[in-house]
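Residues per chain are reported as follows:
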Amino acid sequence: MKPSRSNELMNKSAIEEILDLARWAPSGDNTQPWRFEILSDRHLVVLGFDTRHEVVYDLRGFASQMAIGALLELLSIAAGARQLKAVIRYRMSPESPSMDSDNEHPVFDVFFEDAPDQTVDPLYDFIKTRSVYRRPLGSDPLTPREKEAISHDLTLLPWPHESTDRLTYNVLWLEGHGNRLAMARITQQAGKLRLTIPEAFPVHQKIIEWNARYSEDRVPDQALGLSRSILPLMHWIMGSWERVSFFNRFLWGTAIPRIQLDILPALFCSAHFVLLAPAPPQGLKDQITAGRALCRLWLSVTRAGLQFQPEMTPLIFRSYARSQTPLSLLPTAGHSAEAIGSALDRLVGAETMDRAVYLGRVGRGNPAESRSLRLPVSKLLLQKPAQSTP
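Just so it is clear, the structure is predicted and the values come from calculations on it, not from any experiment.

Colleague: What is the right way to look at the packing of aromatic side chains in this model?
Modeller: Aromatic ring pairs are defined here through the distance separating the ring centres and the angle between the ring planes. Evaluation of the coordinates by the stated rule reveals nine aromatic pairs. Ring centres of Tyr57 and Phe317 lie 6.4 Å apart, and the angle between their planes is 50 degrees; this geometry places the pair in the tilted category. In this pair, Tyr57 is assigned in the loop between strand S2 (43-48) and helix H2 (62-80) and Phe317 in helix H10 (residues 313-323), connecting sequence segments 260 residues apart. Classification of Tyr57 as buried rests on a relative accessible area of 10%. On the basis of relative accessible area, Phe317 is assigned to the buried category, the value being 0%. Here the aromatic rings of Trp298 and Phe308 are separated by 4.0 Å at their centres, their planes lie at 20 degrees, and the arrangement is stacked. Taken together, the positions of Trp298 in helix H9 (residues 284-303) and Phe308 in strand S12 (residues 307-310) put the pair ten residues apart, joining distant regions of the chain. An aromatic cluster is built from Trp173, Phe273, Trp298, Phe308 and Tyr358, whose rings are joined through pairwise contacts. We note Arg130 situated over the ring of Trp298; from NZ or CZ to the ring centre the distance is 4.5 Å.

Right, here's the structure in full:
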């Protein structure tokens, strides 16, 4: 049944109800790179930011920008369920005169218009249940109907919404034992690099909430995918980079995490996938649109009754290598990133990988018992009004 709303003008609490759903958008390590300002009963401002200067995985802010795109897609879905249309416009600034710019702080104006004929998006009911599953899954192959249901709704209006052209994203499925084995090799290579470069350590140290089943602003340790017996030792090791280095060098410290977090999940799943853009992404506009497509893909996986896990570090390390961007002070890190990128290119094809915006795996399993939550709307709203645009 379509949710109803009164004929009166929306008030701030109604916008907050929409935000209460949109805030469940996925973001890397639950960083939630957005804050909000409500300027009127019909006007919301989304203030984005990225973590490129603090997070090694947010190369040029692309990961954060995709998360913001997912948030904007959820805003549209949540508004549509209330018979409203969310008209979203990028607010240009002198520092970033177009969406082709490399913008660290993108701002979007969202205007809500009446849309009495608006139907509820079939993905609406799965906004809050969408989550990450980091443990091994069932390996039964996906059915043709499941794959069609997951990928059928990935044709999007490009940015801005006023354009009449459409962009179609595609899903490349990597199925069968051979592909799962190849992905296991790649993910464990990326896992080793992730666990041995010093630039990643402060990120891991900051984003984990220990002894927790849920977390509003981080990842609870019980959702990492490590066995309960290993978590206390990992907590102690993560207390300092010196401990991490010692265990990595002398006690095979990366072995257990790579087995439990990379190899076993890669082997035990129904399929891995590559989300492909129509053309290689170039900047903010493309990353925002890719985030919208990712959001719909992830919700579709949830709607199909399947579990989902991102596998983004191989793609991120490949991006470092392809752009010849220094990854780490560790002398061997660049060569390792190149090896990971080459392995992906051999598996999928270099031209295809240039269009890749997301990697992940799906499979059958019960919902995760531990997960990241989100900051409440009250903590995401800024009190100082932004300057409204006409």
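Colleague: Quick question: what am I supposed to make of the environment of Trp173 here?
Modeller: When you line up the elements, Trp173 lands in strand S7 (residues 170-174). Exposure remark for Trp173: the relative accessible area of 15% places this residue in the buried category. Measuring from C-alpha to C-alpha, the distance between Trp173 and Glu311 comes to 14 Å, with 138 residues separating the pair along the chain. Those residues in contact with Trp173 that sit more than four places away from it in its chain are Leu142, Lys147, Ile150, Ala271, His272, Phe273 and Val362.

Colleague: Got a minute to help me understand the packing of H10 against helix H11 (residues 333-348) in this structure?
Modeller: Two packed helices can be described by the angle between their axes and the distance between those axes. Packing of H10 against H11 leaves a shortest axis separation of 8 Å and a crossing angle of 110 degrees. Taken together, the axis directions place H10 and H11 in an arrangement best described as roughly perpendicular. With respect to the hand of their crossing, H10 and H11 are arranged in left-handed fashion. Facing H10, whose interface residues are Pro314, Leu315, Phe317, Arg318, Ala321 and Arg322, H11 presents Ala337, Glu338, Ile340, Gly341, Leu344 and Asp345.

Colleague: Please clarify how the environment of Leu267 should be interpreted in this entry.
Modeller: Relative to the assigned elements, Leu267 resides in helix H8 (residues 255-267). As a C-alpha pair, Leu267 and Leu137 span 130 residues in sequence and 8.8 Å in three-dimensional space. Excluding residues that lie within four positions of it along the chain, Leu267 makes contacts with Ser139, Arg180, Leu181 and Ala184.

Colleague: Could you clarify how one ought to interpret H10 in this entry?
Modeller: Among all positions in H10, only Thr313, Pro314, Leu315, Ile316, Phe317, Arg318 and Tyr320 are buried. Taken together, the buried residues of H10 touch helix H4 (176-196), H11, helix H12 (350-354) and strand S13 (356-363). Immediately beyond the C-terminal end of H10, within one or two residues, lies Gln324, with a positive phi of roughly 55 degrees.

Colleague: Explain the nonpolar core here, please?
Modeller: Soluble, globular proteins show a tendency: their nonpolar side chains are buried together. Counting 68 residues, the largest nonpolar core has Tyr169, Leu275, Leu327 and Tyr358 as the members making the most contacts within it. The contact partners of Tyr358, leaving out residues within four places of it in the chain, are Met66, Phe273, Val274, Leu275, Leu294, Trp298, Phe308, Pro310, Met312 and Leu315. Within the second largest apolar cluster, 42 residues are counted, among which are Leu21, Ile38, Leu71 and Val377.

Colleague: Sorry if this is basic, but what is going on with the packing of H4 against H11 here?
Modeller: Viewed as axis vectors pointing N to C, H4 and H11 meet at an angle of 165 degrees, and their least axial separation amounts to 10 Å. The orientation of H4 with respect to H11, classified from their angle, is roughly antiparallel. Here the hand of the crossing between H4 and H11 comes out left-handed. On the side of H4, the interface is formed by Asn179, Ala182, Met183, Ile186, Gln189, Ala190 and Leu193, while H11 contributes Ala333, Ser336, Ala337, Ala339, Ile340, Ala343, Leu344 and Leu347. Partitioned by chemical class, the residues of the contact of H4 with H11 number twelve nonpolar, three polar and no charged.

Colleague: Hey, could you run me through unusual backbone geometry in this one?
Modeller: Leaving glycine aside, a negative phi is the common case for residues, and trans is the common case for peptide bonds. The residue Asn30 is not glycine, and still its phi comes out positive at about 60 degrees. The topology assignment puts Asn30 in the loop between helix H1 (12-22) and strand S1 (34-40).

Colleague: Help me understand the pairing of strand S3 (residues 84-90) in this model?
Modeller: Put simply, side chains in a regular strand alternate between the two faces of the sheet. Counting buried positions over the seven residues of S3 gives five, a clear majority of the element. Pairing geometry for S3 and strand S4 (residues 107-114), over seven bridges, is antiparallel. Paired with Val87 across the strands is Phe111, a residue of S4.

Colleague: Just checking my understanding: could you explain the sheet that holds strand S11 (residues 271-276) for this structure?
Modeller: For sheets, the rule is that strands pair by backbone hydrogen bonds, running either parallel or antiparallel. Spatial ordering of the open sheet is given by S7-S11-S13-S12, a layout of four strands whose pairing is antiparallel. The sheet terminates laterally at S7 and S12, the two strands that pair on one side only. Neighbour-to-neighbour, the strand axes of the sheet open up by a mean angle of 30 degrees, direction not taken into account. Sheet topology note: the S7/S11 ladder contains five bridges and is antiparallel. Bridge assignment links Asn170 to a residue of S11, and that residue is Leu276.

Colleague: Would you mind showing me how to read the pattern of salt bridges here?
Modeller: Side-chain pairs of opposite charge can arise where the charged atoms are in close proximity. All chains considered together, the criterion is met by 19 salt bridges. Here Asp114 ties to Arg42 by a salt bridge, and the two come within 3.4 Å at their closest N and O atoms. One end of the pair, Asp114, is in strand S4; the other, Arg42, is in the loop between S1 and S2, and 72 residues separate them in sequence. Note on Arg42: relative accessible area 16%, which makes it buried. Of the charged contacts, one joins Glu175 and Lys147 as a salt bridge, the two residues approaching to 3.1 Å between their closest N and O atoms. One end of the pair, Glu175, is in the loop between S7 and H4; the other, Lys147, is in helix H3 (residues 144-151), with 28 residues separating them in the sequence. One continuous salt-bridge network, built from bridges that share partners, spans Glu73, Asp121, Asp153, Arg292 and Arg296.

Conventions used here
- Residues numbered from 1 in each chain as written.
- Predicted model: local features only at pLDDT ≥ 70, side-chain atom pairs only at ≥ 80, totals over all residues.
- Heavy atoms only, no water.
- Phe/Tyr/Trp six-rings, centres within 6.5 Å; stacked < 30°, edge-to-face > 60°.
- Helix = DSSP H or I, 4+ residues; strand = E, 2+ residues; numbered from the N terminus.
- Buried < 20%, exposed > 50% of the residue type's maximum accessible area, 1.4 Å probe, protein only.
- Lys NZ or Arg CZ within 6 Å of the ring centre and 35° of its normal.
- Contact = heavy atoms within 4.5 Å.
- Axes fitted to C-alpha atoms, helices over the stretch in contact; angles between N-to-C directions.
- Parallel < 35°, antiparallel > 145°, perpendicular 65-115°, else oblique.
- Left-handed = near helix turned anticlockwise from the far one by under 90°.
- Core = buried A, V, L, I, M, F, W, Y, C linked by side-chain atoms within 4.5 Å.
- Nonpolar A, V, L, I, M, F, W, Y, C, P; charged D, E, K, R; others polar.
- Pairing = 2+ DSSP bridges.
- Salt bridge = Lys/Arg side-chain N within 4 Å of Asp/Glu carboxyl O.

Functional significance is not addressed by these values, which are geometric in nature.
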